[in-house]
Amino acid sequence: MHPLITDLLKSGPVVTDGSWGSQMQRRGLRRGECPDSWNLTRPELVEEVARAYVEAGSRVILTNTFGANRLVLAKANLAGQAAEINRRGVEISKKAAAGRALVFASIGPSGKILMTKEVTESELDQAFEEQAATLASAGADALVVETMIDLTEAGLAVQAAKRTGLPVVACMVFDSGRNKDRTMMGQTPEQAAEALAKLGADVIGANCGQGIDGFPPICRRLKAATDLPIWMKPNAGLPEMVAGQTVYRTSAREFAGRVPELIAAGADFIGACCGSDEEFIREIKKAVEAGSKK
């Protein structure tokens, strides 16, 4: 395990951050607008999101670079600004963290499907290589490959991230199949853990896809399949459309009420994904601290 991760976990489970997309929408991000572009056009609002999580108790925060690979940015005609968008993303989070939290830079999927030959492995490798190298050179403490639905694509991103020498977190979305325990491509937690560990991931986990109720069994299965630390970031329930607005029904307190179960299942890093905010982090922090006093 990477020394940075070992050191972080010495004092028990680590509280990460919450949703970025939901919080930027709250600050005026329009539907269809490229969130990553805000690193250049609205950096003060991106910093506001990051700082809110630090002040709520996050020991690890991410960056506004989830869709900042050139394949995703091309849809907004921003592929040529990929390096600048990624660099600014790290700088903004580091400024907000001000030494109070570590910055784990976010690497999301390409939005293209390998299976249908919409993209080649070589194209994915180049896009992830560019993004990972830029995030590392900008000063990220670690890299988080997240919200992946295809193990092959996740593997390519992990390999690109590993080439930087930084610790790498690798997270899949498990929300498919009869028991909502497979990726969209049909892979199980056990298959994901084995493959990602083999490629050198330092932390393995799950994020997004479903609410916290579905996460403890996935966490237990990941824990049983690997000796690596486990990263968990469930949604605040499933999204519902109400009067044209996306609504998540799980409250911060309800979410935090399930955190002890996640810790018992083996979670080492705990945060929240879509629909969450800094209140979720405050409540998660309380739950984690209460558990460590027992």
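Data block above holds the structure.
What you are looking at is a predicted structure, and each value in this text was computed from that prediction instead of being measured.

1. Re the environment of P216
Step number 1: Inspection of the secondary structure puts P216 in helix α10 (residues 215-225).
Step number 2: In the structure, P216 is positioned 51 residues away from A267 in sequence and 8.6 Å away in space, judged by C-alpha atoms.

2. Here we look at the pairing of strand β6 (residues 203-211)
Step number 1: Among the nine residues in β6, nine count as buried, and that is most of the element.
Step number 2: Of the pairings in the sheet, the one linking strand β5 (residues 168-172) to β6 comprises four bridges and is parallel in character. Among the inter-strand pairings, M172 is bridged to a residue of β6, identified as A206.
Step number 3: Crossover β5 to β6 through helix α9 (residues 189-198) is right-handed.

3. Let's talk about helix α4 (residues 43-56)
Step number 1: With 14 residues, α4 ought to run about 20 Å at 1.5 Å a step, and its terminal C-alpha atoms sit 20 Å apart, in line with that.
Step number 2: Two residues or fewer past α4, G57 is found with a positive phi of approximately 120°.

4. Quick look at α9
Step number 1: Among all positions in α9, only P189, A192, A193 and L196 are buried. When α9 is viewed along its axis, its buried side chains cluster within an angular range of 100° and face the same direction.
Step number 2: Check the buried side of α9 and you find it contacts α8 (151-162), β5, β6 and α10.

5. Some details on unusual backbone geometry
Step number 1: Phi angles above zero are rare outside glycine, and N77 is one such case at about 55°.
Step number 2: By the secondary structure assignment, N77 is in the loop between α5 (70-73) and α6 (82-97).
Step number 3: A relative accessible area of 71% places N77 in the exposed class.
Step number 4: Not every positive phi belongs to a glycine, and K117 is a case in point at roughly 60°.
Step number 5: Among the structural elements, K117 can be located in the loop between β3 (102-107) and α7 (121-137).

6. Structural notes on the nonpolar core
Step number 1: Membership of the largest hydrophobic core comes to 89 residues, with the highest contact counts inside it found for F104, L143, L196, W231, M232 and I284.
Step number 2: Residues in contact with L196, not counting those within four places in the same chain, are L151, A154, G155, V158, A170, M172, A201 and I204.

7. Overview of the environment of R100
Step number 1: Residue position: R100 is located in the loop between α6 and β3.
Step number 2: Separated by 42 residues in sequence, R100 and S58 place their C-alpha atoms 8.7 Å apart.
Step number 3: Once you skip the residues sitting within four places of it in the chain, R100 turns out to touch R51, V54, E55 and S58.
Step number 4: Among the polar contacts made by the side chain of R100, one reaches the main-chain carbonyl oxygen of A96 at a distance of 3.3 Å.

The rules behind the values
- Residues numbered from 1 in each chain as written.
- Predicted model: local features only at pLDDT ≥ 70, side-chain atom pairs only at ≥ 80, totals over all residues.
- Heavy atoms only, no water.
- Helix = DSSP H or I, 4+ residues; strand = E, 2+ residues; numbered from the N terminus.
- Buried < 20%, exposed > 50% of the residue type's maximum accessible area, 1.4 Å probe, protein only.
- Pairing = 2+ DSSP bridges.
- Right-handed = clockwise from strand over helix to strand, strands pointing away.
- Expected span 1.5 Å × (residues − 1).
- Arc of directions from axis to C-beta.
- Contact = heavy atoms within 4.5 Å.
- Core = buried A, V, L, I, M, F, W, Y, C linked by side-chain atoms within 4.5 Å.
- Polar contact = N/O pair within 3.5 Å; in protein donor to acceptor, adjacent residues only side chain to side chain.

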